[in-house]
Amino acid sequence: MNNTASGNKQGFPRTFWIANGVELLERAAYYGVFIVITLYLSRILGFTDVEAAWLAGSFSAGLYFLPTFTGALADKMGFRGALLLAFGLLTVGYAGLAIFPALLEGQGLVEDGREVAYHGLEEADIRWAIIPILVIIMIGGSFIKAVITATVAKSTTTANRARGFSIFYMMVNIGAFSGKTVVKPLRESMGDLGLINLNYFAASMTLVAFISIFFFFKNAESNTEGKSLAEVVSALGKVLTNGRLIALILIITGFWMVQHQLYATMPKYVLRMAGEGASPSWYANVNPLVVFLTVSFVTSLMSRKSALFSMTIGMFIMPLSALLMASGNMLEGNIDLGFMQMHPIAAMMILGIVFQGLAESFISPRFLEYFSLQAPKGEEGLYLGFSHLHSFISSLLGFGLSGYLLQAYCPDPRTFESHEAWVSASANAHYIWYVFAAIATVSAISLIIYGYVIKRLDADKLVEAEPATA
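Notes on the structure follow. (Residues numbered from 1 in each chain as written. Predicted model: local features only at pLDDT ≥ 70, side-chain atom pairs only at ≥ 80, totals over all residues. Heavy atoms only, no water.)

1. With respect to the overall build of the protein chain
Next up, step 1: The helix and strand inventory of the protein chain stands at 21 helices and four strands.
Next up, step 2: The C-alpha atoms of the protein chain give 23 Å as radius of gyration, which agrees with the globular expectation for 470 residues (23 Å, within 12%).
Next up, step 3: Projecting the C-alpha coordinates of the protein chain onto the three principal axes gives extents of approximately 80 × 55 × 45 Å.
Next up, step 4: Burial statistics for the protein chain: of 470 residues in total, 53% are counted as buried.
Next up, step 5: Contacts in the protein chain between residues at least 24 apart in sequence constitute 83% of all its contacts with a sequence separation of at least 6.
Next up, step 6: For the protein chain, the computed accessible surface area is about 20300 Å², with 66% contributed by carbon and sulfur atoms.
Next up, step 7: When the 29 basic and 31 acidic side-chain charges of the protein chain are each reduced to a single mean position, those positions are 13 Å apart. (Helix = DSSP H or I, 4+ residues; strand = E, 2+ residues; numbered from the N terminus. Rg over C-alpha atoms; globule rule 2.2 N^0.38 Å. Buried < 20%, exposed > 50% of the residue type's maximum accessible area, 1.4 Å probe, protein only. Contact = heavy atoms within 4.5 Å. Areas by Shrake-Rupley, 256 points an atom, 1.4 Å probe, with all protein chains shown as cover. Lys, Arg positive; Asp, Glu negative; His and termini not counted. Charge placed at Lys NZ, Arg CZ, Asp CG, Glu CD.)

Listed below in structure tokens is the structure:
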């Protein structure tokens, strides 16, 4: 009997629970590493802020761009084989992130410890060997993105699919929350060395997932669906030549450029400005918490409004989010929360992240709906495969810009001879958030213009069509 039609309208087959379980493990591994990826690249491997930003941005961009292609390969390989390959690559990749610094230390280029000491590493080309390690993780992660959601879809029925995906997203958020939570105690107990040992945690999570797939997972697909690589490439060509979709993607890219600063700028910014006692990994958890608490209410509130209207509200919340993040550098003394004292940089960062999560609740649930409406009739599914092109672009631009802004306004204090010199150099660190507030504002205004233009174009089409139907 087919897994997808087990006859149980409410229950789920074992394949469903295995897929969700390994998704939780993979998300814990990924978010634990990704929240500090720029710190790892700079503090452990000696990359500048700009170099670290471009490396991390390219890594993130690949994770959003490749799944449509790897999904087509997974259809040919079978989901079990694709997942074994994916978790095998992830385990090797995360272990590589942990082992690579030890190899560099063996070369005498660096001395790992609570604070890393460089002995020529910053000028050594060998540190660029981190790129193939990141590529291995990127390819493995892209298979996961493609296969797990497809497995959930194929192992549920029409009657329980909505509940199945709600369980899936709950697992994603539990994994993301738990992965980020382990970062702070590791960093507090081991300093920079914790950034290295964190990768052993990630590798162990994906190894457990690999073993679970090997022993317990059976293919959920019937091999009757899916697209060939030629069809995927053809779909990409159609999207890139669709003016409406490209304009929408570029506008929404502005939102995601700001959203990506949760990983690109925020960790370095708060540690440099609020001190090593700050908890960027815990602050980042505020975002999914706010989305979890508000998305249902916001979606219900906006149910009678158009998707474009809801997205526009969210876009105008984003500049406020960035301005709140900037304001922490202009406040004096700790902020009294009643039950604790908090550095103003940290307190205002958390408040900014709250508004960022609220903006996401207005935008994300409605974007796919609106994106699909811009696709030609009958080709919505094909086009939706590239609905995350905005994250591909925003990862490159958002992370890349972050590196230059950090270097200009909030440089690494370890590169200065005295604390006073660094204080002078970072006096205007909050300017970083002004730049992203400006980007968010331009995107919000552009979305209003986009809506007006689309409305006029659709009206003109109706006028042109009237004589033909008369």
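2. Thoughts on the pattern of salt bridges
Next up, step 1: Under the criterion given, the structure shown has 10 salt bridges.
Next up, step 2: Lys184 serves as the salt-bridge partner of Glu188, at 2.5 Å between the closest nitrogen and oxygen. Here Glu188 and its partner Lys184 are both found in helix 8 (residues 183-190), four residues apart, which amounts to about one turn of the helix.
Next up, step 3: Judged by relative accessible area, Glu188 falls into the partly exposed class, the value being 43%.
Next up, step 4: Between Arg187 and Glu276 there is a salt bridge whose closest N-O contact spans 3.5 Å. Remark: Glu276 occurs in the loop between helix 13 (266-274) and helix 14 (280-284) and Arg187 occurs in helix 8; sequence separation between them is 89 residues.
Next up, step 5: Exposure remark for Glu276: the relative accessible area of 41% places this residue in the partly exposed category.
Next up, step 6: Several salt bridges converge on common partners, so that one network encompasses Arg43, Arg187, Asp192, Glu276 and Arg414. (Salt bridge = Lys/Arg side-chain N within 4 Å of Asp/Glu carboxyl O.)

3. Considering the environment of Val152
Next up, step 1: Take Val152: it is sitting in helix 6 (residues 130-154).
Next up, step 2: As a C-alpha pair, Val152 and Ser394 span 242 residues in sequence and 28 Å in three-dimensional space.
Next up, step 3: Setting aside chain neighbours within four positions, we find Val152 in contact with Phe16, Asn20, Gly164, Phe165 and Phe168.

4. Points about the side chain of Ser394
Next up, step 1: Note that Ser394 resides in helix 19 (residues 389-409).
Next up, step 2: Accessibility expressed as a relative area gives 0% for Ser394, which makes it buried.
Next up, step 3: For Ser394, the side chain forms a polar contact with the side chain of His260, separated by 3.2 Å. (Polar contact = N/O pair within 3.5 Å; in protein donor to acceptor, adjacent residues only side chain to side chain.)

5. As for helix 11 (residues 243-259)
Next up, step 1: Counted at 1.5 Å a residue, the expected span for helix 11 with its 17 residues is 24 Å, and the 25 Å between its end C-alpha atoms agrees.
Next up, step 2: Residue Thr253 marks the point of greatest curvature in helix 11, where the axis turns by about 25°.
Next up, step 3: By the criterion of burial, helix 11 is predominantly enclosed, with 13 of the 17 residues buried.
Next up, step 4: The residue sitting at the N-terminus of helix 11 and contributing the capping side-chain oxygen is Asn242; that oxygen lies 3.2 Å from the backbone nitrogen of Arg244. (Expected span 1.5 Å × (residues − 1). Bend = angle between axes of the 7 residues up to and from the residue.)

So far we have only geometry, and geometry alone does not tell us how the molecule works.
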